[in-house]
Amino acid sequence: MLSPRLAVVVLLAASTATAAPTSDRARRSHAAPVEVFAAARAGQPVRASVDVAYQAVPVGRSRAWAAFTASAPGLREATWDRATGVPSRIWGRGLDVPGSVADPAVAAAAAWRVLAANLALLAPGSTVSDFQLVANDFDGDQRTIGLVQRHGGLAVVGGQVSFRFKRDRLFVIGSEALPDVTVAWPRQAKLATEVAALATAATVADLGLDHAAVTSRVAPGLEIVPLVGDGGVLGYRVATVVDVDGGAAGGWRVWADPATGAPLVRRSTTPSAVGQIQIDAVERYPGRARRTYPAPLLTATVGAAAGETDAAGGVSWPGAAPVMVRLTATGSQINIENRGGALATLDGTLAADGTLVWRPGDDRAVDAQVSAFVHAGIVRAYARRFAAGLPFLDEPLPVRVNIADQCNAFSDGTSINFFAASDRCENTGTIADVVYHEYGHSLHNHAIIPGVGYFDGAFSEGLSDYLAATITDDSGMGRGFFRSDSPLRELDPTDREHVWPRDIDEIHYTGIIFGGAMWDLRKGLIAELGDHDAAVQIADRLFYAAVRRASSIPATLIEILAADDDDGDLTNGTPHECTIRAAFGRHGLRTLAGDVSAPGLVPAAVEAPQPVWLTVTGADTRCGDDIVAVKAEWRGRDGGISAGNAEASLDGDRYTAMLPLPTVGNVVLYRFRVKFADGSEQVYPENRADQWYQLYHGDAVPLYCTDFERNPLTEGWRVGGTDASAWQWGIPGGSHDAGDPGRAYSGTRIFGTGLAFADGSYPADATMWAETPRIDVGTYSDVRLQFRRWLQVEDGFYDQATIEVNGEQAWANLSSQGDTSHTTHHQDRAWVFQDLPLSSRIFDGSVVVRWLLNTDGGLQLGGWQLDDVCVVANPASVCGDGVKSPFEQCDRGAANGTGPDACRPSCRLAQCGDGIVDSLEECDDGNEDDSDSCSSVCTVIDLPPPVDDGTCAAGGGGGPGAAAGLGLGLALVVARRRRRR
């Protein structure tokens with residue numbers, strides 16, 4: 001587990017609408033806070049955020065879940081970590097544990113019993129002795145037990161299991177345990193000092209630091225670093241922990257290989273500090289009005305007595321005569337460090353019953369010191385309203401200002417740092433919102449209950465935005481950052497809400513999902529109670545419960561409901577449940593899932609609209625999730641039907657809609673849109689890269705089909721590429737980490753990538769393909785590929801999943817373009833029917849279909865999974881019957897391909913390069929080579945005579961030859977473009 005004082009760096013980034021900072025330090029600050037140099041398979045990154053969802057029990061956990069619910073029937077709801085397969089949160093009516101709230105020993109014993117009985121579910125592959133009790137916390141309402149994970153005597157970074165008791169009931173369990181920890185111990189380790197030197201040297205070289213300004217120390221003991229990707233656990237490594245201090249450049253915690261000293265994982269712990277002191281300080285930022293604030297615990301020399309002001313900013317001295325006072329911009333609790341020079345001071349005279357105001361004027365360096373001092377004190381005092389008793393609130397707070405950089409501020413989990421002004425950005429120490437935001441990160445880091453919550457970057461950004469907003473009573477956070485009143489981030493936009501998972505992106509942007517949900521909850525409670533202050537107090541209390549216990553944004557809903565609960569039973573509701581669910585549901589945070597079922601093909605004889613179904617599970621029964629409408633939407637893929645929609649009818653938990661059919665031989669695209677009363681929506685399929693299902697209307701003559709119940713590699717299929725072994729045949733079910741299916745679509749077996757790999761993901765930096773045997777399509781002019789797919793692949797900007805037909809690409813996964821994070825991954829969460837026309841790429845009466853995957857060194861998911869693959873023909877598309885169908889370019893019956901005719905036997909128009917001389921061609925040698933006697937546009941070329949070598953006479957050319965050359969070049973371009981099309 002990360003040391004509380006060495007949390008992952010958190011950054012206050014500029015809006016994406018602005019230019020990036022130009023300094024080297026600013027560019028480093030905007031880099032990913034976690035760098036991975038070694039993984040189970042080299043180059044795979046750790047996940048940027050935890051993806052936790054309310055869903056069916058993951059494959060491989062069914063038996064453990066059944067055993068748990070049988071022994072604990074009061075705990076039946078769960079959310080699951082998609083990568084690790086452990087239940088992130090389990091909750092429900094709860095289990096009776098008499099005395100557990102009053103007696104810490106009773107609660108601890110109950111926690112140990114539940115853990116021991118359910119290790120296969122809560123911490124797969126672990127033993128009870130792998131856990132250590134680190135927290136037995138009672139806040140007057142809940143008792144919370146935290147256990148941290150170890151393996152072989154070493155701490156497993158981030159591994160933990162936690163238990164919550166209220167009203168003598170165990171009603172919430174959380175797990176961030178790492179499953180099946182195995183490590184290879186280094187056979188010959190270097191001395192810790194040598195490892196530190198090598199890791200430090202690598203950090204200096206990688207980041208371009210000044211070696212003379214860098215120091216390092218080795219943390220005691222070794223730790224086990226889990227390398228967890230978006231698709232699963234990549235591996236575990238034993239590491240020496242080295243803390244590197246780069247001075248003004250920042251700090252890093254490096255987990256290094258004990259045998260080589262090479263960095264395995266590096267997390268930034270860049271020092272961050274912010275504070276303001278004054279009497280006259282900014283209210284929000286320098287462009288707005290200023291206020292006079294008291295200066296509590298400010299360093300002051302009154303007469304000859306050195307000390308500081310009292311908690312109200314007062315001082316006293318003997319006698320009644322005026323006294324000389326020297327103020328220094330720091331204090332015992334708010335420790336201002338001026339990185340731009342010496343600390344600011346003010347000398348003045350203070351009369352009895354008078355006031356001495358420190359006015360920094362236009363000096364931004366001084367203003368940053370006094371304003372940061374004031375606002376650091378304000379945010380700390382505000383936090384005491386909901387976090388009373390947190391030791392961090394009484395510890396000295398380092399606040400560093402006037403750092404020689406621009407457009408940023410950050411926290412390392414304790415101190416808060418602020419950059420100087422530039423021509424683009426204000427001095428961040430003079431912006432109250434930024435001070436509050438950065439303090440939120442430090443508060444988060446210190447408030448986390450060990451073994452219960454966890455420091456997730458996007459979550460921390462959102463909660464820090466909310467803390468600033470609730471203090472200012474303004475949803476616009478960061479006003480003044482770019483010297484305007486526009487906010488840096490808006491938690492309550494008028495045009496759209498930030499919704500999970502649609503708006504997962506860079507961590508500050510993702511954080512708005514939680515910050516916006518909390519702001520909406522705050523507004524909802526104000527409306528519900530009619531008492532602003534009372535409502536804000538409740539909202540802040542619930543907020544702090546999530547800060548302490550949540551490990552990700554999706555985990556916050558249950559933690560907030562648990563904090564709102566009044567009887568230790570979540571099955572009977574909580575006092576403000578509907579307000580909470582409404583606010584969080586508006587941002588896509590619901591305990592709700594949907595499953596769509598429909599045929600892939602409807603015969604041509606059927607003309608009536610066909611039913612399609614959406615089954616909803618996990619819906620809240622008390623607040624109803626406020627589903628106001630479910631619609632099926634459709635549009636034609638290739639024509640044959642107009643776009644439209646229809647309301648779905650509800651029967652139990654299943655919605656049914658009637659889907660109109662396109663004209664025979666065409667495909668209709670459709671999806672379900674679930675609309676909620678709050679205006680939010682959920683679209684099924686849940687695939688941001690492909691939000692439509694397909695249905696084909698027409699008959700299909702099978703030309704080749706396989707359901708993969710027999711090994712395709714023994715029946716003519718071929719695989720290839722740089723890692724052909726990634727394509728495997730077998731029974732799915734062991735690769736939930738990569739998002740793969742738990743069962744075949746039909747039968748028991750499928751063909752796909754990574755089936756036999758431990759985590760189910762495809763290889764990095766590789767090419768892998770699988771293709772059908774060559775299939776004779778006869779005289780059919782409308783040939784189609786129809787199959788079931790379960791595809792999990794990274795955004796096509798990085799990894800490309802494609803389908804090739806006779807060597808030509810016919811389909812590819814979405815590739816996001818422009819200034820985005822390129823996180824629109826293609827993630828099927830069910831078996832999807834796909835229809836793909838093939839005829840435009842068939843020229844010789846046969847076809848080979850290839851599924852291809854090209855990957856980079858980054859994120860790897862599950863890849864292609866195939867079932868029920870068929871190449872079929874439309875029976876109405878017989879070529880040679882003399883009737884030109886909609887699927888043919890021409891059809892002259894028996895005259896096809898005979899005489900001066902441009903209609904091929906395949907009922908497609910003749911093309912240059914097919915090796916057949918048509919009436920429109922002078923020649924056709926089947927190639928695009930202009931160096932022979934037949935050009936690439938099928939005209940005869942008069943080749944020039946050979947150069948005179950003494951045996952042949954030379955020929956010459958004139959002006960007409962040049963003009964002909966120009967015309968030939970133009971024709972060549974046009975012809976090639978037409979052939980590609």
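For every chain, the first residue of the written sequence is number 1, and numbering continues from 1 onward in sequence order. For a predicted model such as this one, the threshold for reporting local features is a pLDDT of at least 70, and the threshold for listing and counting side-chain atom pairs is 80 or more; totals across whole chains, interfaces and linings nevertheless cover every residue. The side-chain figures draw on all heavy atoms in the structure; neither hydrogens nor water molecules are used.

Section: the overall build of the protein
Scanning the protein from terminus to terminus reveals 13 helices and 50 strands. Summary of the burial criterion: residues with accessible area below 20% of their type's maximum are buried, those above 50% are exposed, and those between are partly exposed, where the area comes from a 1.4 Å probe applied to protein chains only. Per-residue burial for the protein yields a buried fraction of 56% across its 981 residues. Residues count as neighbours in contact if any of their non-hydrogen atoms are within 4.5 Å of one another. Residue pairs in contact within the protein that sit at least 24 positions apart in sequence constitute 67% of those at least 6 positions apart. Summed over its atoms, the accessible surface of the protein is roughly 38,100 Å², and 54% of this surface lies on carbon and sulfur atoms. Labels follow the DSSP assignment, with helices taken as runs of H or I lasting at least four residues and strands as runs of E lasting at least two, numbered in each case from the N terminus. Accessible surface area values rest on a Shrake-Rupley calculation with a 1.4 Å probe, where residue burial reflects the displayed protein chains alone.

Examining the confidence of the model for the protein
Values of pLDDT, ranging from 0 to 100, describe the predictor's confidence in every residue of the model. Per-residue confidence for the protein gives a mean pLDDT of 84, with 84% of residues at or over 70. Across residues 1-32, confidence stays below pLDDT 50; counting only partners more than four residues off in sequence or on other chains, it has 109 contacts. Per-residue pLDDT stays below 50 along residues 271-278; that stretch engages in 85 contacts with residues further than four places along the chain or on separate chains.

Notes on the pairing of strand β49 (residues 849-854)
Across the six residues of β49, five count as buried, placing the element largely inside the fold. Here strand β40 (residues 767-771) runs beside β49; their pairing, made up of five bridges, is antiparallel. Residue pairing in the sheet places E771 in a bridge with R850 of β49. Here a strand pair is declared whenever DSSP counts at least two bridges between the two strands. In the sheet, strand β44 (residues 800-805) pairs with β49 via six bridges, with the strands oriented antiparallel. Among the inter-strand pairings, Q800 is bridged to a residue of β49, identified as N854.

What to know about helix α12 (residues 577-585)
In terms of burial, α12 is a largely internal element, seven of the nine residues being buried. The set of residues buried in α12 consists of E577, T579, I580, R581, A583, F584 and G585. For α12, the elements touching its buried residues are α9 (507-529), α10 (532-549) and α11 (556-564).

Concerning the sheet that holds strand β16 (residues 299-302)
Here we have four strands laid out as an open sheet, ordered β17-β16-β18-β20, and antiparallel in their pairing. Each edge of the open sheet carries a strand with a single partner, namely β17 (305-308) and β20 (345-350). Taking the axes of each pair of neighbouring strands and ignoring which way they run, one obtains an average angle of 25° across the sheet. As judged from the four bridges shared by β16 and β17, these two strands associate in the antiparallel manner. Bridge pairing in β17 places T299 opposite E308. Helix axes are fitted only over the stretch in contact, all axes being lines through C-alpha atoms; the angle between N-to-C directions runs from 0 to 180 degrees.

Focus: the environment of G862
With respect to the helices, strands and loops of the structure, G862 is situated in the loop between β49 and β50 (865-873). For G862, a relative accessible area of 0% corresponds to the buried category. In sequence terms G862 and G231 are 631 residues apart; their C-alpha atoms lie 7.5 Å from each other.

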